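Geometric and topological summary
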Amino acid sequence: MTARCVADVPVGTVATLDEPAVDPLRRRRLAELGLRCGAEVHILARTAGGGRVIALADDRVAVDLGTARALVVRVPADQDRVVS
Amino acid sequence: MSATDDRPVAARQQVPSCHSDAGGRQAVAGSPVVALAGAPNVGKSTLFNTLCRTRRDVGNWPGTTVEVGRGAWRVADGDARDVELVDLPGAYSLDPVSPDEELTRALLLDVAPQERPDAVVVVASAVHLTRCLYLVAQLRETSQRVVVAVTMADVAARRGLTVDAHALATALGVPVVMLDPRRRAGAEALAHAVSDVLVAQPPAPRPVPSGLPMDDSGLALADDRFGWVAAAVAAGTVRDRPAGRTRSDRIDRWVTAPFVGPLVFLATMWLVFQTTTRIAAPFQNALDHFFSGPVAQAARAGLGAVGLGHGWVADFVVDGLIAGVGLLLTFVPLMTLMFVLLALLEDSGYMARAAVVTDRTMRRIGLPGRAFLPLVVGFGCNVPAISATRVLPNARHRVLTALLVPFTSCSARLTVYILVASIFFPHNVGNVVFVMYVVSILLVVLVGLALRRTLWRSVGEEPLLLDLPPYQRPTARITAVVTWVRLRGFLRTAGGIIVAAVSVVWLMQAIPVQGNGSFADVPVRDSLYAATAGTVAPVFDPAGFGNWHATGALMVGFVAKEAVISSWAQTYATQHPGDLHHPGALGTAVKADFARSSHGHPAAAAWAFLVFLLAYTPCVATLAAQRREIGMRWTWFGIGVQLLVAWTLAVAVFQIGRLLG
């Protein structure tokens, strides 16, 4: 397992969220949207502006580049279960 | 003046506004109060409209409801029992991070227990159950009566997810009802469930584990709630296949992509722009001719039949009142098209994607991505653009955008650009018009930056964190309801101000202040209108166009830019030039006047006039729309900013042009 930020992992990666590097208020809001420690996320797309669209089971959340950099994920060392 | 509303939440919720007028009947006094709560974009307002048979603004993107709506909902037939249904702004939890969420918390939790709703219906999307039920977890820690209404079960089913309402109800400890407000299904079951909980004892609060670490943000408690929700969702749902890529994902792969996404967005905006201007134009012209022709003639004939066919009464009715109403109604086709397109974009789910695509660009001037839409629409007409600011869920963003829209150069200003350019720069008309549009864009950016660094210092720093709803096919019923609600609101608010302004201009042109004319029978140069313009004209001396003819044209332009050329021609007692590229006698007269007032620098004065025309108040209809969307205080502020920017720029342009030229 390697820890990287969401902005640094390729589109298609399935990974597990770690503690985000944000203040507690934003951390709680991220958690309310499902982006909390232990959640499995699927990086679906890179957006205009450098952000990412993230899938959490059936939910889809768009985040900007700053948030994508703050979201830390643990990626399996064998890399990374890339889903087509 | 502050960019935020500092009043207490309880005071703010009392503010009447267009958003809160759903047009339905109210419950009788003493009826139980039931609140509709839930995460953003789960269909609360659609459900509210279905239950109360009202027409409240709805849309398929987070943040449609920004105020509280109230209506009567009949939950039982026998003894005709009403409840007062309260539609609350969307909130993921009772820990607010925005004013709208603050309002929801205030009404559900912060008020005294006896003032809280008798029951809360938490609307939860079957597609996003985990996210939606956190609010239930928090409410279950109180003794609040709760019913969970699960929507979007059809979308969930297509993804292989089935909700077992009975199992979910058992896990949550509250009744769960499946419904589809878009197709008006399940309302009866919800009414039964609410009737039952209203007569039942309040539930015992869910025990919160003791010994949780107490930090300021309550993250440990939040984790406990998430665990409780996850267990309930696991017990109450059945998945027949793992979550995978959906049709929406496949579309989003292109629609939000770095290069294609902006292209799709620009194409969409181009379509909106073209539709609202080109398709509406023939209808606008037809209405204009109808009011200035058959309606005016019929009115004169009617007044003639009672002996008032000639004289000031007939002139006032025809040229003041009927002209004012006619001007208002010519906006109806434009506004209808605009609102239909907005409703389609919102209901389809595209608006959330547009926000993602434009977020980075707009953030530089302190606005979220979806503010791009009203600004683009503003280049067609500022009036629907101001109304389109309601696509922005944040009140501060709405105010800032509504203040910037008037700097977008609407098509009505284009006719004046062409006329002035044809008079002063006949070989470069196209270039002049192009420069005016570039200046317009620069004004939006620069004024936006200036406001962001002053009154809106904290705006635009919020990160993008946006729930993307699945795409869906817009329904005709919802499109029609949303369009009608918005159009009705526009006509109600804008009607009075437009008719009043047109009537005032007529009155000023009818009152003689010199010469031999009488009331309503006076040459314009001898009227109060000319005298007022002459009094104001010296203000424009430093800009080189301090003559009463040009000032009078700008005064009329304050009412409607469409009337500038005809009234300008009227002040010289010439005809409206049929071909703007060949201004004829009007052009000769204007050129001579500008040469005099600019002391030999008419070209510089013409540029200054064009810049002033671009930057000052667009028209009374825009002001009426602003008043409706952001209130009178901000409308006055906007007028001040526009006049200050317009005058300063005009003076700068003339003085620099004079030195250069």
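The structure under discussion appears in the preceding block.
For every chain, the first residue of the written sequence is number 1, and numbering continues from 1 onward in sequence order. The naming scheme follows written order: chains are lettered A onward, ligands numbered 1 onward. Where local features are concerned, this predicted model is filtered to residues with pLDDT of at least 70; where side-chain atom pairs are given and counted, the filter is 80 or more; whole-chain, interface and lining totals use all residues.

Topic: the overall build of chain A
Working definition: helices are DSSP H or I runs of at least four residues, strands are E runs of at least two. Numbering for both runs from the N terminus. Counting its secondary structure elements, chain A contains two helices and six strands. Listed by position from the N terminus, the elements making up chain A come as β-β-α-β-β-β-α-β. Note on method: radius of gyration uses C-alpha positions; expected globular size equals 2.2 Å times residues raised to 0.38. Its C-alpha atoms give chain A a radius of gyration of 11 Å, within 12% of the compact-globule value 12 Å for 84 residues. Seen through its principal axes, chain A has C-alpha atoms that stretch 35 × 30 × 25 Å.

Observations concerning the overall build of chain B
Scanning chain B for helices and strands turns up 26 helices and nine strands. Our exposure labels follow a C-beta count within 10 Å of each residue's own C-beta, placed from the backbone: buried means 20 or more other C-beta atoms, exposed means 12 or fewer, and partly exposed covers the counts in between. In chain B, buried positions account for 50% of the 661 residues. Long-range contacts, defined here as pairs at least 24 residues apart, represent 71% of the contacts in chain B between residues at least 6 apart. By definition, residue pairs are in contact when their C-beta atoms, positioned from the backbone, come within 7 Å.

So, the packing of helix α17 (residues 411–424) of chain B against helix α18 (residues 429–452) of chain B
How two helices sit against one another is set out by the angle between their axes and by the gap between those axes. Residue and element names in this part refer to chain B. Where α17 contacts α18, the two axes come as close as 9 Å, and the packing angle between them is 135°. With respect to α18, the axis of α17 lies oblique. You can see that α17 and α18 cross each other, and the crossing is right-handed. In this structure, α17 uses Leu414, Tyr417, Ile418, Ala421 and Ser422 to contact α18, whose residues at the interface are Val429, Val432, Val433 and Met436. Polar here means any residue other than Ala, Val, Leu, Ile, Met, Phe, Trp, Tyr, Cys and Pro, which are nonpolar, and Asp, Glu, Lys and Arg, which are charged; Gly is therefore polar. Counted by class, the contact of α17 with α18 contains eight nonpolar, one polar and no charged residues. An axis is simply a line fitted to the C-alpha atoms; with a helix, the fit covers only the stretch in contact. Between two such axes, the angle follows the N-to-C directions and lies from 0 to 180 degrees. An angle counts as roughly parallel when it lies under 35 degrees, as roughly antiparallel when it exceeds 145, as roughly perpendicular when it falls between 65 and 115, and as oblique in every other case. By convention, the crossing between two helices is left-handed when the near helix turns anticlockwise from the far helix through less than a right angle, and right-handed when the turn is clockwise.

Points about the interface of chain B and chain A
Tallying the contact residues gives 35 residues for chain B and 28 residues for chain A. When residues of the side of chain B that touches chain A are traced back to their parent elements, those giving at least two are α4 (129–132), α9 (219–236), α10 (247–255), α11 (260–305), α13 (350–363) and β9 (465–467) of chain B. In terms of residue count, α13(B) provides more of the side of chain B that touches chain A than any other element does, four residues in total. Within the side of chain B that touches chain A, the residues separate by chemical class into 19 nonpolar, six polar and 10 charged. Where strand β5 (residues 59–63) of chain A and β9(B) come together, three bridges link them in antiparallel fashion. Bridge assignment links A:Val63 to a residue of β9(B), and that residue is B:Leu465. Note on pairing: DSSP must find at least two bridges between two strands before they are called paired.

Looking at helix α26 (residues 632–660) of chain B
Residue and element names in this part refer to chain B. Multiplying one less than the number of residues by 1.5 Å gives the expected span of a helix. Its 29 residues give α26 an end-to-end C-alpha distance of 41 Å, which sits within 8% of 42 Å, the value for a rise of 1.5 Å per residue. Within the sequence span of α26, burial applies to Thr635, Gly638, Gln642, Val645, Ala646, Ala650, Val653 and Phe654. On the buried face of α26, the contacting elements are α16 (395–404), α18, α24 (602–615) and α25 (620–630).

Some remarks on the packing of α18(B) against α24(B)
All names here are of chain B. Between α18 and α24, whose axes approach to 11 Å, the crossing angle comes to 50°. The orientation of α18 relative to α24 falls into the category oblique. Relative to α24, the crossing made by α18 is right-handed. Along the contact surface, α18 presents Met436, Val439, Ser440 and Leu443, while α24 presents Leu610, Val611, Leu614 and Ala615. Considering only residue class, the contact of α18 with α24 consists of seven nonpolar, one polar and no charged.

Observations regarding the nonpolar core
All names here are of chain B. Core membership is restricted to buried Ala, Val, Leu, Ile, Met, Phe, Trp, Tyr and Cys residues, and these are joined into a nonpolar core through C-beta atoms within 7 Å. Val122, Leu135, Val147, Val148, Ala149 and Ala608 are the most contacted members of the largest nonpolar core, which has 218 residues in total. For this core, the element with the highest residue contribution is helix α12 (residues 312–348), accounting for 14 residues. Dropping the residues within four chain positions of it, valine 122 is found in contact with Ala37, Gly38, Leu135, Val136, Leu139, Val146 and Val148.

Structural notes on the sheet that holds strand β4 (residues 52–56) of chain A
The sheet built from seven strands is open, its strands ordered β1(A)-β6(A)-β2(A)-β3(A)-β4(A)-β5(A)-β9(B) with antiparallel pairing. Taken across any chain shown, the strands that pair with only one partner, and hence form the sheet edges, are β1 (2–5) of chain A together with β9 of chain B. With direction set aside, neighbouring strand axes in the sheet form an average angle of 40°.

Brief notes about unusual backbone geometry
All names here are of chain B. Located in the positive-phi region is alanine 520, a residue other than glycine, with phi close to 70°. Mapped onto the secondary structure, alanine 520 falls in the loop between α19 (476–510) and α20 (528–536). Look at alanine 520 and you get buried, because 20 C-beta atoms sit within 10 Å. You will see that histidine 599, though not glycine, has its phi angle at about 55°, which is positive. With respect to the secondary-structure elements, histidine 599 resides in the loop between α23 (584–597) and α24.

A word on the environment of B:Gln297
Residues and elements named next belong to chain B. Here glutamine 297 lies in helix α11. Its 11 C-beta neighbours within 10 Å are what place glutamine 297 among the exposed residues. As for glutamine 297 and valine 318, which are separated by 21 residues in sequence, their C-alpha atoms are 8.5 Å apart.

So, α25(B)
Among the 11 residues in α25(B), 11 count as buried, and that is most of the element. For α25(B), every residue scored as buried is listed here: B:Val620, B:Ala621, B:Thr622, B:Leu623, B:Ala624, B:Ala625, B:Gln626, B:Arg627, B:Arg628, B:Glu629 and B:Ile630.

Structural notes on the environment of B:Val325
With respect to the helices and strands, B:Val325 occurs in helix α12. Judged by local crowding, B:Val325 falls into the partly exposed class, with 16 C-beta atoms found within 10 Å.

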